[in-house]
Amino acid sequence: MARTATDLVTRLKRVDLWLPKVVVAPSFALSLFFVYGFIAWTVYISFTKSRVMPRYEFAGLIQYIRLWETPRWYVALENLVIFGVLFMAFCMAIGILLAIMLDQRIRAEGVLRTIYLYPMALSFIVTGTAWKWILNPTLGIEKLMHDMGWESFQFDWLVDREMAIYTIVIASVWQSSGYVMALFLAGLRSIDDEIIKAAAVDGAGPIRTYVGIILPMLRPVFLSAFITLMHLAIKSYDLVVALTAGGPGIATDVPATFMYSYAFQRSELGLAAASAVMMLITIMAVVVPYLYSELRAGRK
Amino acid sequence: MSARQVHGIVRPKSAAATFLRLLLFAVLGLFVLYYLMPLIVMAITAVKPLDEIRTGTLLSLPKDVTFEPTLRAWDSACVGVRCEGLKPYVWNSIAMVIPAVVFSTLLGAINGYALTKWRFRGADVIFGLMLFGAFIPFQVVLLPMARTLGVLGLAGTVPGLVLVHTVYGLAFTTLFFRNFFVGVADGIVQAAKVDGAGFFGIFFRIVLPMAPPAIVVTVIWQFTQIWNDFLFGIAFTVGDSNPVTVALNNLVASSTGVKEYNVDMAAAIIAAIPTLIVYVFAGKYFIRGLSAGAVKG
């Protein structure tokens, strides 16, 4: 009797040795297939002559050569640089400013924080729809200014080839700057009050305290905000589609819309795959070192 | 002394400080207007008749408040050739989001538990490899996924989208639960093991009852992400199976007939309401999800 009981216990223990692996296995297998397998698959397509249908003979770098000879790809890259730099700069500036201001023990902080962050809960399609209406060249903000007496006011960036990319910056900064605020506010709250008091005793003014002492302590927050924003910028697809649909013409094409258009509308599978791989490489160049160092630090 | 505590490092009781304080509130107030303006414009436009939209401005209040545009957006506006409003697509989104959130959250919970409380060899590597999936640009999986869904017979269907969202949500849900369970003392689990409790016994009777905060954060995060998704929706569904974001975009982009801006805005509000409600009632958890999304090991 006693023996069977110990047997049961050891058997249970043995079951518990492999059960954790068994329950993680399906998810891990899904990741291997749908993430790593699919990446390998896309990389492979990018090395073939696939057009309308996938063709699986190896054709070397031909699609990459074609990609880098496509003028539209350069339009997309240039737009990504303009959009990405402005988007990150404005989000950071507004987010940090708001976080520092909210850190001044404001009575209505909770309400303000909620208002600053709510756009983050919206779909980019909703954001795009709203801003498309606000920036409408005839009935939108232009008409509002005319009716307020500023007759010469002109605002038609949405249909201006040169300026349309900036409307995407406007709408995306509106949506994402609150996120940076939330990150930095959490960072500011984690800083020991004693440091702030010591700085005040030393006679450092509020601006010097923040710029010289507190912000440099928030380097990890800068890093994770930067990574997230860059990631958002490179992936951005929805907002461009909803706001400008890549237009006028291809004036606001970005790599994500370029890839979609070549994959699903122009049936250039190989070229589309090559552009997707370029996007992946760009993100990986930043994310892999970051993840590696984060995970290593977490293990210590 | 107490005054300084109340006002942080901006010291009160000098004219300059009072001025700074006023400036602070003025700037904060301006930003409130900046963030609220699009929502207000949407709401005002959605209840205005078309002629008032043409004669008035973005911010002029409606003289005749009408809910006809809202009804049209819900029930009868044309999305492509189908004139049933957003209603069928909202149902598609609901049919997509509920199973996808449930599956990905359950898998994430059990993964997070197994990876932290039963740390087997290679657990960290497996976690690292899975986490990577949270960072890929999804453009890189679109073509193989389209083919795979075709092979599975799920192309252009809502169940196909459920699969896609479950699979690509795993990295996030596993991350959330892992980070939560790391903070749960190992001692409790060890004691239960000594008492003879097994893997699932400890999970259901001890760990899961402690996990509601992590569950709420994960469910809200997944719900918001999946409801708001557009890329997978447009790539893997057709017409009748479109989620609401795709239908909204089609409705707004359609160029036939008179442009009904009020219907567009009402439709945008309909698409936004579920995530807005979640945000208003559970904003605290939403913020936690956002900051967990900025990965910590």
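Every residue gets a number counted from 1 within its own chain, in the order that chain's sequence is written. Whichever chain is written first becomes A and whichever ligand is written first becomes 1, with later ones labelled in order. This being a predicted model, a pLDDT of at least 70 is required before a residue's local features are given, and a value of 80 or more before pairs of side-chain atoms are given or counted; all residues contribute to the totals for chains, interfaces and linings.

Visitor: Tell me about the overall build of chain A, and please be specific about residues and values.
Guide: In DSSP terms, a helix is any run of H or I states spanning at least four residues, a strand is any run of E spanning at least two, and both are numbered starting from the N terminus. Summing up its helical and strand segments, chain A has 13 helices and zero strands in all. Along the chain direction, N to C, the helices and strands of chain A fall in the order α-α-α-α-α-α-α-α-α-α-α-α-α. Taken over C-alpha atoms, the radius of gyration is set against a globule rule of 2.2 Å times the number of residues to the power 0.38. Its C-alpha atoms give chain A a radius of gyration of 26 Å, clearly above 19 Å, the size a compact globule of 300 residues would have. Dimensions of chain A, computed from C-alpha atoms along their principal axes, come out at roughly 95 × 70 × 35 Å. Here the C-beta atoms are placed from the backbone, and a residue counts as buried if at least 20 other C-beta atoms lie within 10 Å of its own, exposed if 12 or fewer do, and partly exposed otherwise. When the 300 residues of chain A are sorted by exposure, 41% land in the buried category. For chain A, the proportion of contacts with a sequence separation of at least 24, taken over those separated by at least 6, is 70%. This entry defines residue contacts through backbone-placed C-beta atoms, with two residues in contact when those atoms are within 7 Å.

Visitor: Outline the interface of chain A and chain B, listing residues and values.
Guide: In this assembly, 89 residues from chain A lie in contact with 80 residues from chain B. It is helix H1 (residues 2-46) of chain A that contributes the most residues to the side of chain A that touches chain B, 20 residues altogether. Residue type decides the class: Asp, Glu, Lys and Arg count as charged, Ala, Val, Leu, Ile, Met, Phe, Trp, Tyr, Cys and Pro as nonpolar, and the leftover types, Gly among them, as polar. Looking at the side of chain A that touches chain B, its residues break down into 66 nonpolar, 13 polar and 10 charged.

Visitor: So, the domain arrangement of chain B: which residues are in play, and what are the values?
Guide: Residue and element names in this part refer to chain B. Its domain assignment divides chain B into domain 1 (2-66) and domain 2 (87-293). A domain assignment, automatic or from a database, supplies the domain bounds used here. Computed from C-alpha coordinates alone, the two centres of domain 1 and domain 2 are separated by 34 Å. Counting residues at the interface gives seven residues for domain 1, matched by seven residues for domain 2. Sorting the residues of the side of domain 1 that touches domain 2 by element identifies helix H2 (15-46) and helix H3 (50-55) as the ones contributing at least two each. If one sorts the elements of the side of domain 1 that touches domain 2 by residue count, H2 sits on top with four residues. Looking at the side of domain 1 that touches domain 2 residue by residue, the classes come out as five nonpolar, one polar and one charged.

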